[in-house]
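# Structural characterization, general
Chain residues, written in single-letter form:
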Amino acid sequence: MNHLSTLTRASLAGALIVLAGAYALMGGWAFAGAVIAVGALWAFGMQRRAIGLRAPSAVSVGLAGLILLAAFGLAQGLPAAPVLLAGVLALAAWDMARLLHRLQSVEHIENRDLIIRQHVTQLAGVCATGLLIALAASIIRLDLSFAAVFALGLVALWALARLSRNRFSGP
């Protein structure tokens, strides 16, 4: 479980360094400071959890703050790649912090290390795939008419309805 805690902190630190660094390189020192302040709140929330005090909202508020600062950075002209990377790292840190909290709230779990390893492996795959898709979406531009977008939306709704019907209908 120590490895999970270290990985969570490393992911959070990576998100903070990338986003604050992007702001600093563009001259937004106040926003870089805001990123560090949000990260400090997040780290404080994780520390309180580690010593047994309840502060579950600090981690979620930290995630929301970093995502809002990342979105604001995109609107202010920060490059998409570091902003997306920071967002993915923040989401990964949030997910691992929640897993760590859930694991600490239970006395005994069989195969705890296997569960952690599988979770982190799946999380890495999801993060890498999401980052690649987001980067591709920021680069590729398509001109679609309203009718085409509407048709794609209907196909997506149909696919979701079919998926949920198959998944929840039982064997």
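Please read all numbers here as calculations on a predicted model, not as lab measurements.

## Digging into the domain arrangement of the chain
Interface extent is often summarised as the accessible area lost during association of the parts. Each assigned domain of the chain is listed with its residue range as follows: domain 1 (2-140) and domain 2 (145-171). Domain 1 and domain 2 are separated by 31 Å when their C-alpha centres are compared.

## Observations concerning the nonpolar core
Counting residues in hydrophobic clusters, the biggest one holds 23 residues, and the most contacted among them are Leu12, Leu19, Tyr23, Val35, Trp42 and Leu66. Breaking this core down by element, the ones donating at least two residues are helix H1 (2-25), helix H2 (29-50), helix H3 (56-75) and helix H4 (80-104). With 7 residues, H1 is the single largest residue contributor to this core. Excluding anything up to four places from it in sequence, Trp42 contacts Leu12, Ala58, Val59, Gly62, Leu63, Leu66, Ala90, Ala93 and Trp94.

## Let's talk about the packing of aromatic side chains
The way to describe two aromatic rings as a pair is by their centre distance and the angle between their planes. Scanning all chains against the criterion turns up 3 aromatic pairs. Here the aromatic residues Tyr23, Phe31 and Phe72 are joined through ring pairs into a cluster of three or more.

## Focus on unusual backbone geometry
The phi angle at Asn111 is positive, at roughly 60°, despite the residue not being glycine. Among the structural elements, Asn111 can be located in the loop between H4 and helix H5 (112-139). The class of Asn111 is exposed, set by a relative accessible area of 53%.

Basis of the calculations
Residues numbered from 1 in each chain as written. Predicted model: local features only at pLDDT ≥ 70, side-chain atom pairs only at ≥ 80, totals over all residues. Heavy atoms only, no water. Domains from an automatic or database assignment. Core = buried A, V, L, I, M, F, W, Y, C linked by side-chain atoms within 4.5 Å. Buried < 20%, exposed > 50% of the residue type's maximum accessible area, 1.4 Å probe, protein only. Helix = DSSP H or I, 4+ residues; strand = E, 2+ residues; numbered from the N terminus. Contact = heavy atoms within 4.5 Å. Phe/Tyr/Trp six-rings, centres within 6.5 Å; stacked < 30°, edge-to-face > 60°.

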